[in-house]
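Here's the letter readout for the chains.
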Amino acid sequence: YVLSDKDASKFPGMEVLKEFGDIKILTADDVENICSVYDADELKSVYSVAADGNTVCVDVSYDKRNTDAEVSLIDSVNDNYFKGSVSCEKDSVVFIAAPFEYGWSAWVDGELSEMMLANDGFIAINVPHGDHDFELKYSCPGIMQGIIVSGASALVFLLCLIIGIRRRHADHTV
């Protein structure tokens, strides 16, 4: 299920189940895999750049997917990790029906790959022709900075606590 205020055509293979004003609940009973493959040459004309100026965007339509290409998810046990494989005869774009968020990184055959924003909210990655393994890994943006700041703050607090105890102890011994 997908909850969105976008037109159903923005979501490959999905149909409107129910509407609440502008908000729609979309569903797809016939979709067996959350991944699909599209020929990169056919998508070049619909590429654009997101509002942040950095993220490449692409629109895909489920009925135009490359049905000759094979794609499968091998492991999606965690919400922050996907692993899959793809086999295609042309350079392709793999669409993954997982929400696009900053913090995801895409890896194709062990090398960092550029991610694209697909259909206003999902993940897409480029893959060259042939057989490839891909991984998506999520790491919360800013988590390392948060850990460093929290650790430094705890050290400053402990240092202040130790200095305060030593001063009080020194005042009592005089």
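Residues numbered from 1 in each chain as written. Predicted model: local features only at pLDDT ≥ 70, side-chain atom pairs only at ≥ 80, totals over all residues. Heavy atoms only, no water.

Moving on, we get to the overall build of the protein chain. Across its full length, the protein chain carries two helices and 14 strands. Counting every position in the protein chain, which comprises 174 residues, the buried fraction comes to 32%. Surface accessibility of the protein chain: about 11300 Å² in total, with carbon and sulfur atoms responsible for 54%. (Helix = DSSP H or I, 4+ residues; strand = E, 2+ residues; numbered from the N terminus. Buried < 20%, exposed > 50% of the residue type's maximum accessible area, 1.4 Å probe, protein only. Areas by Shrake-Rupley, 256 points an atom, 1.4 Å probe, with all protein chains shown as cover.)

Moving on: the packing of aromatic side chains. Following the criterion strictly, the structure yields four aromatic pairs and no others. For the ring pair F82 and W104, a centre distance of 5.7 Å and an interplane angle of 35° mean the geometry is tilted. Placement of F82 in strand β8 (residues 81-88) and of W104 in strand β10 (residues 104-108) is noted, with a sequence separation of 22 residues between them. Ring pairing ties together the aromatic residues F82, W104 and Y138, which thus form one cluster. Over the aromatic face of W107 sits the side chain of K137, whose NZ or CZ is 4.9 Å from the ring centroid. (Phe/Tyr/Trp six-rings, centres within 6.5 Å; stacked < 30°, edge-to-face > 60°. Lys NZ or Arg CZ within 6 Å of the ring centre and 35° of its normal.)

Below, the discussion takes up unusual backbone geometry. Here D109, not a glycine, exhibits a phi torsion of approximately 50°, which is positive. Considering the arrangement of structural elements, one finds D109 in the loop between β10 and β11 (111-113). Positive phi outside glycine occurs at D120, with the angle close to 60°. In this structure, D120 sits in the loop between β12 (115-118) and β13 (122-127). Classification of D120 as partly exposed rests on a relative accessible area of 43%.

All right, on to the side chain of S92 then. Its place among the elements puts S92 in strand β9 (residues 92-99). A relative accessible area of 1% places S92 in the buried class. Looking at S92, its side chain comes within polar contact range of the main-chain oxygen of K90, at 2.8 Å. Each residue touching S92, except ones within four places of it in the same chain, is listed here: V37, Y38, D39, A40, I125, N126 and V127. (Polar contact = N/O pair within 3.5 Å; in protein donor to acceptor, adjacent residues only side chain to side chain. Contact = heavy atoms within 4.5 Å.)

With 22 residues, the main nonpolar core has V94, I96 and F134 as its most contacted residues. Elements with a contribution of two residues or more to this core: β4 (35-39), β8, β9, β10, β12, β13 and β14 (130-138). Each residue touching I96, except ones within four places of it in the same chain, is listed here: I34, C35, F122, I123, I125, F134 and L136. One finds A40, L43, V60 and F95 within the second-largest nonpolar core, a separate group that totals 13 residues. (Core = buried A, V, L, I, M, F, W, Y, C linked by side-chain atoms within 4.5 Å.)

On to the side chain of N66. Within the secondary structure, N66 is located in the loop between β6 (56-58) and β7 (70-75). Polar contacts involving the side chain of N66 include one to the side chain of D39, which spans 2.9 Å. There is a polar contact of 3.2 Å between the side chain of N66 and the backbone nitrogen of A69. Non-local contacts of N66, meaning those with residues more than four positions away in its chain, are made with V37, Y38 and D39.

Attention now goes to the environment of E114. You can see E114 is positioned in the loop between β11 and β12. Judged by its relative accessible area of 46%, E114 falls in the partly exposed class. Ignoring sequence-local partners within four residues, the contact set of E114 consists of V56, A124, I125 and N126.

Turning our eyes to something else, we now look at a negative patch on the surface. A surface patch of like charges, here negative, comprises E70, D109, E111, D131 and D133. Tracing the chain through its elements places D131 in strand β14. Under the relative-accessibility criterion, D131 is labelled exposed at 61%. (Patch = residues over 30% accessible without salt bridge, like charges linked within 9 Å, V, L, I, M, F, W, Y side chains within 5 Å. Salt bridge = Lys/Arg side-chain N within 4 Å of Asp/Glu carboxyl O. Lys, Arg positive; Asp, Glu negative; His and termini not counted. Charge placed at Lys NZ, Arg CZ, Asp CG, Glu CD.)

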